[in-house]
Amino acid sequence: MAVASVAPLDRARADQLSFCGSAKYAPLMAASAAGVVLVSPQTADLPSPAAARIVVPNPHDALLSLIPRFYRLPERTPGVHPTAVIGRGVVMGEAPSIGPHAVIEAGAVLGDRVTIDANTTVGAQARLGDDVHLYPNVTVYANARLGRRVTVHAGARIGSDGFGYVFRDGRHAKIPHVGGCLIEDDVEIGANTTIDRGSIDDTVIGAGTKIDNLVQIGHNVRVGRLCLLMSQVGVAGSVRVEDGCILAGQVGVSGHHTIGKGATLAAQAGVFGDIPAGETWSGYPARPHKEALRAQAALFKLPGLLRRIERLLARSEDDA
Amino acid sequence: MAVASVAPLDRARADQLSFCGSAKYAPLMAASAAGVVLVSPQTADLPSPAAARIVVPNPHDALLSLIPRFYRLPERTPGVHPTAVIGRGVVMGEAPSIGPHAVIEAGAVLGDRVTIDANTTVGAQARLGDDVHLYPNVTVYANARLGRRVTVHAGARIGSDGFGYVFRDGRHAKIPHVGGCLIEDDVEIGANTTIDRGSIDDTVIGAGTKIDNLVQIGHNVRVGRLCLLMSQVGVAGSVRVEDGCILAGQVGVSGHHTIGKGATLAAQAGVFGDIPAGETWSGYPARPHKEALRAQAALFKLPGLLRRIERLLARSEDDA
Amino acid sequence: MAVASVAPLDRARADQLSFCGSAKYAPLMAASAAGVVLVSPQTADLPSPAAARIVVPNPHDALLSLIPRFYRLPERTPGVHPTAVIGRGVVMGEAPSIGPHAVIEAGAVLGDRVTIDANTTVGAQARLGDDVHLYPNVTVYANARLGRRVTVHAGARIGSDGFGYVFRDGRHAKIPHVGGCLIEDDVEIGANTTIDRGSIDDTVIGAGTKIDNLVQIGHNVRVGRLCLLMSQVGVAGSVRVEDGCILAGQVGVSGHHTIGKGATLAAQAGVFGDIPAGETWSGYPARPHKEALRAQAALFKLPGLLRRIERLLARSEDDA
């Protein structure tokens, strides 16, 4: 019994490995053509035609170790493509990989083993740590600083001007943005995400934080370590997101608030105040999740009661 | 009476054609300087100073046929610009049009009449079908597959890594993404939209589906045929959107749910469960549209009743 | 006492200037190491170890004048980089600054002192006014017109096709987009924002309007003068936003409505109708802000009352 790749239960063939982490997938497992299935103690005895099953504590986690054995991940090829444009005074570390039409402006400083893909632009005086990978068509603005092992997906913009104006003499006068944009070690940034530089303070993304696609981080925001910001989240200026927070998809946080350590915001939550550490909030405007659920449940009962209430009110106020 | 171009009623000149599809535009039609107006049977008799009116079943649809007669749409010019970088082993079909500074990485395979505009990057081993058009500054990641007549607008990212981590040893360990990204025939993808590749499964966009700007499609999502996804929609990982669905602007769908065939989600809907086929849902959390409207109507009556209710409760509970 | 740069109270050193505009920052001011603090008449007497304080009417506004004295803003360097590709018939004004790998397609017309950064693409026949600045990796589609002093941040897309289809013969037939995209003087457009061209009419952004990152402007939209559109706002097709409106983050406006002059929409508002001039609306669906607040307050009282109401209804309907 040999398997050569990995596939979900409903798509796997006899030469593929699959996984079943929950009894709710029992029908898929019973019908799966997978040759080998990773199972948990809870799913170990589910019916399955597979030639072999392997019991592990958590099949999904086990995959994390197995995938690199089945798939050769792309290797980086050191070298500077002849069409790349390297500005005056750029400092390169060891073994850079600079793709076609990449542009590195004057004075930028690169660590070792930096990868800069095709059509990406790195602004003047920017600093990229060891093992940074910028995918194609990225922009790093002048003076932005990226730590070690930072990965930036295609089309992300790091260090753009924030949105700050003062209305004066009949026009919106722009506040010059002279603050920095600091991305700490081991941060991953999704495709087409935008992270503004600070106005006078810095914008900071803490070490180990992961940011999904199309996220907006405003000026002077400080995101702590090990946070997860999912797709289309918007964080307005000067917000503090403390360590270990989770912001689910399309969450919006208005300016100058603090999201306490380890807090979770459910998808589409609209935050207009501080969030206490460790709590889960949801809804618009965001409230503690249980309170929000109770309010929603009550709301959907309301139409059925309203006529009865109005009748009762009319009757009893006539009486009074 | 000759007309040379098309304009809306309130802007048309005597040498322009306009259209009036609804009686609510009667004031605009009465005041319009348009030389010719397309009208429907319902608007045929509205007062108008136009030299001519033409009755058609649906003026807006008729425009679809007329516009190509008035406007010469830009023609593609075959050729490979000398600044384009074509990697080793790239296979080109007939009559490619490759713009300045486009980059096509090693092993990519292009069908006939493919257009790749300026500063666009196509990753290694990617496959583009006949008549694909990639606008400027697009990124197609390695191994992504695009069918025939797929159009991708500027800045869209196809096949980026999904957002998947396992928390282990005090850090978010990345799940390697080895699944594919498959865009079927006749799909159009808007500017700055992002579509992630699958983790081990594929992400698939079905034939004839149209996706607007700034939309996010997560890993392993399957969108069916002939769907419409409007701007800023976010679809989280492993969601199934069946054929013919309409997701209006800023809709969010959380992970692993199914949007049934032909369902419609109203703008800003927040979906946290499966949606039955053919139904229209709206609101947060999304509910059947009529139910959501009733709840909203009740909600806005509530403040006016609340004091009366509280008084009545106090009185009657005193009595009890 | 000399200061060399600007920093917020909690980060300033002895050689830095800071500012305190509100008494709520008194603790920060008392603990700040800043050498000089700008204060308002209201904060002038707060305790502070600073060597000097300077009283101004509004410290934040005063910064606007001071920042350019402390920071040398980057200077533009005229010149056309040898790797830039300039199409046939392009007209350049005085002192252009065209970066590496920029592409300007045939027939584009540039005013004086235009700056086009690296990897940016300007389409055929586009027109850019004097002092336009396009940051890196921007796309201006063919025929778009930008006024004087327009600034476009990295990755923005100006003049892409709108999202318009007619369902016919079992497919979504595309409506050819032949309208224009006109950005008037002094507009600033944020990173990765998308502005569609009109279908037959024009899309217009009025003079002095400022648009943040990741905003979507649909086809035929007309935004007036001096508006502020914050991050992730979505404006659907044919909407009119009159002069001086403020749309806060993640607001969505559905198609064909009018936002009256000087109106404000609070963050995440969902607009499904016209908004009267000068009013502030919020929530989903958007309502006058005070009404929306009252409804929310009532909603969160409802769960606590519901059981009592149901008991009362049961009792009184038994009686009846």
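Everything quoted here is computed from the prediction, not taken from an experiment. (Residues numbered from 1 in each chain as written. Chains lettered and ligands numbered in written order. Predicted model: local features only at pLDDT ≥ 70, side-chain atom pairs only at ≥ 80, totals over all residues. Heavy atoms only, no water.)

A tally of helices and strands in chain A yields three helices and 36 strands. On C-alpha atoms alone, chain A measures out to a radius of gyration of 26 Å, which is more than a quarter above the 20 Å that the 2.2 N^0.38 rule sets for 320 residues. Each of the 320 residues in chain A was classed as buried or not, and the buried ones make up 57%. Look at the contacts in chain A between residues 6 or more apart in sequence, and 13% of them connect residues 24 or more apart. Of the roughly 12500 Å² of accessible surface on chain A, a fraction of 53% belongs to carbon and sulfur atoms. Between the mean site of the 31 positive side-chain charges and the mean site of the 30 negative ones, chain A shows a separation of 2 Å. (Helix = DSSP H or I, 4+ residues; strand = E, 2+ residues; numbered from the N terminus. Rg over C-alpha atoms; globule rule 2.2 N^0.38 Å. Buried < 20%, exposed > 50% of the residue type's maximum accessible area, 1.4 Å probe, protein only. Contact = heavy atoms within 4.5 Å. Areas by Shrake-Rupley, 256 points an atom, 1.4 Å probe, with all protein chains shown as cover. Lys, Arg positive; Asp, Glu negative; His and termini not counted. Charge placed at Lys NZ, Arg CZ, Asp CG, Glu CD.)

Take the interface of chain C and chain A next. Taken together, the contact pairs 62 residues of chain C with 67 residues of chain A. Summed over both sides, the interface between chain C and chain A buries roughly 4900 Å², with carbon and sulfur atoms accounting for 63% of that surface. Together, Leu64(C), Gln268(C) and Phe300(C) form the three largest contributors to the area buried by chain C at its contact with chain A, with a combined 13%. On the surface where chain C and chain A come into contact, there are two salt bridges. A salt bridge links Glu188(C) to Lys174(A); its shortest N-O distance comes to 2.7 Å. The tally of links from chain C across to chain A stands at 28 residue pairs in polar contact (both at pLDDT 80 or more). Put simply, the parts of the chain that give the side of chain C that touches chain A at least two residues each are helix 2 (59-70), strand 24 (210-211), strand 27 (228-229) and helix 3 (289-319) of chain C. Looking at the side of chain C that touches chain A element by element, the count peaks at 13 residues for helix 3 of chain C. Within the side of chain C that touches chain A, the residues separate by chemical class into 34 nonpolar, 20 polar and eight charged. (Buried area = accessible area lost by both parts, 1.4 Å probe. Salt bridge = Lys/Arg side-chain N within 4 Å of Asp/Glu carboxyl O. Polar contact = N/O pair within 3.5 Å; in protein donor to acceptor, adjacent residues only side chain to side chain. Nonpolar A, V, L, I, M, F, W, Y, C, P; charged D, E, K, R; others polar.)

A separate point is the interface of chain B and chain A. Listed per partner, the contact involves 67 residues of chain B and 61 residues of chain A. Here chain B is connected to chain A by two salt bridges. At the surface where chain B touches chain A, the tally comes to 28 residue pairs in polar contact (both at pLDDT 80 or more). Secondary-structure elements contributing two or more residues to the side of chain B that touches chain A are strand 17 (157-160), strand 18 (165-168), strand 19 (171-174), strand 22 (194-196) and helix 3 (289-319) of chain B.

On to unusual backbone geometry. Leaving glycine out, the prevailing phi sign among residues is negative, and the prevailing peptide bond configuration is trans. The omega angle of the peptide bond from Tyr284(A) to Pro285(A) is -15°, so this bond is cis rather than trans. Residues other than glycine seldom take positive phi values, yet Asn143(A) does so here, at roughly 75°. Mapped onto the secondary structure, Asn143(A) falls in the loop between strand 14 (139-140) and strand 15 (145-146). The class of Asn143(A) is partly exposed, set by a relative accessible area of 40%. Positive phi, close to 55°, is recorded for Arg149(B), a residue that is not glycine. Here Arg149(B) is to be found in the loop between strand 15 (145-146) and strand 16 (151-152). Assessed through its relative accessible area of 39%, Arg149(B) is described here as partly exposed.

Next up on the list: the relation of the copies chain B and chain A. Screw-axis analysis of chain B against chain A gives a translation of 0.0 Å along the axis, an RMSD of 0.1 Å, and a rotation angle of 120°. The symmetry that links the two subunits is that of a three-fold axis. (Least-squares fit on C-alpha atoms with pLDDT ≥ 70 in both.)

This paragraph deals with the side chain of Asp201(B). Structurally, the position occupied by Asp201(B) is in the loop between strand 22 and strand 23 (203-205). With a relative accessible area of 9%, Asp201(B) lands in the buried category. A distance of 3.1 Å separates the side chain of Asp201(B) from the side chain of Arg11(A), its partner in a polar contact. At 2.9 Å, the side chain of Asp201(B) forms a polar contact with the side chain of Arg222(B). Not counting residues up to four positions away in its chain, the partners in contact with Asp201(B) are Pro8(A), Arg11(A), Gly179(B), Gly180(B), Asn220(B), Arg222(B) and Arg240(B).

Our focus in this paragraph is the pattern of salt bridges. Scanning all chains against the criterion turns up 36 salt bridges over all chains. Between Arg13(C) and Asp15(C) there is a salt bridge, and its shortest N-O distance comes to 3.4 Å. Taking relative accessible area as the criterion, Arg13(C) reaches 46% and is therefore assigned partly exposed. Residue Asp15(C) is classed as partly exposed on the basis of its relative accessible area, which comes to 33%. Beyond isolated ion pairs, a larger network of salt bridges with shared partners links Asp10(A), Arg11(A), Asp201(B), Arg222(B) and Arg240(B).

For the rest of this paragraph, the subject is the environment of Lys290(A). Its place among the elements puts Lys290(A) in helix 3 (residues 289-319). C-alpha separation for the pair Lys290(A) and Leu302(A), spaced 12 residues apart in sequence, amounts to 18 Å.

Another aspect to go through is the confidence of the model for chain A. In this model, chain A carries a mean pLDDT of 95, and residues with pLDDT of at least 70 account for 99%. We note a pTM of 0.96 for the whole complex and an ipTM of 0.95 for its interfaces. (pLDDT = per-residue confidence, 0-100.)

To continue, consider helix 2 of chain C. When the terminal C-alpha atoms of helix 2 of chain C are compared, their 16 Å separation across 12 residues agrees well with the 16 Å that a helix rising 1.5 Å per residue should span. When we look at burial in helix 2 of chain C, the residues that qualify are Pro59(C), Ala62(C), Leu63(C), Leu64(C) and Ile67(C). Those residues of helix 2 of chain C that are buried lie in contact with strand 18 (165-168) and strand 19 (171-174) of chain A together with strand 1 (5-6), strand 2 (16-20) and strand 3 (36-39) of chain C. Taking the backbone nitrogen of His60(C) as reference, a side-chain oxygen 3.0 Å away marks Asn58(C) as the first, capping residue of helix 2 of chain C. (Expected span 1.5 Å × (residues − 1).)

To continue, consider the sheet that holds strand 4 (residues 52-55) of chain B. Residue and element names in this part refer to chain B. Spatially, the four strands line up as an open sheet ordered 1-2-3-4, and their pairing is parallel. Where the open sheet ends on each side, the last strands, each with one partner, are strand 1 (5-6) and strand 4. As paired strands, strand 3 (residues 36-39) and strand 4 are joined by four bridges and run parallel to one another. Counterpart to Leu38 in the pairing with strand 4 is Ile54. Here helix 2 (residues 59-70) sits on the sheet and contacts strand 1, strand 2 (16-20) and strand 3; the angle it forms with strand 2, its principal contact strand, is near 165°. (Pairing = 2+ DSSP bridges. Axes fitted to C-alpha atoms, helices over the stretch in contact; angles between N-to-C directions.)

Moving on to the packing of helix 3 of chain B against helix 3 of chain C. At a minimum axis separation of 8 Å, helix 3 of chain B and helix 3 of chain C run at an interaxial angle of 40°. Taken together, the axes of helix 3 of chain B and helix 3 of chain C are oblique relative to one another. Seen along the crossing, helix 3 of chain B lies across helix 3 of chain C with a hand that is left-handed. (Parallel < 35°, antiparallel > 145°, perpendicular 65-115°, else oblique. Left-handed = near helix turned anticlockwise from the far one by under 90°.)

All names here are of chain B. Among the structural elements, Gly170 can be located in the loop between strand 18 and strand 19. Judged by relative accessible area, Gly170 falls into the partly exposed class, the value being 46%. Spatially, the C-alpha atoms of Gly170 and Leu302 are 48 Å apart, while their sequence positions differ by 132 residues.

Residue and element names in this part refer to chain A. Here we have 12 strands laid out as an open sheet, ordered 5-7-10-13-16-21-24-27-30-33-35-36, and mixed in their pairing. The sheet is open, and its two edges are formed by strand 5 (79-80) and strand 36 (287-288), each paired on a single side. The sheet contact formed by strand 21 (residues 188-189) and strand 24 (residues 210-211) spans two bridges and is parallel. Counterpart to Ile189 in the pairing with strand 24 is Ile211.

Residues and elements named next belong to chain B. Following the sequence through the fold, Thr203 ends up in strand 23. On the basis of relative accessibility, which here comes to 1%, the residue Thr203 falls in the buried class. At 3.2 Å, the side chain of Thr203 forms a polar contact with the backbone nitrogen of Gly198. A polar contact of 2.9 Å, which involves the side chain of Thr203, links it to the backbone nitrogen of Asn220.

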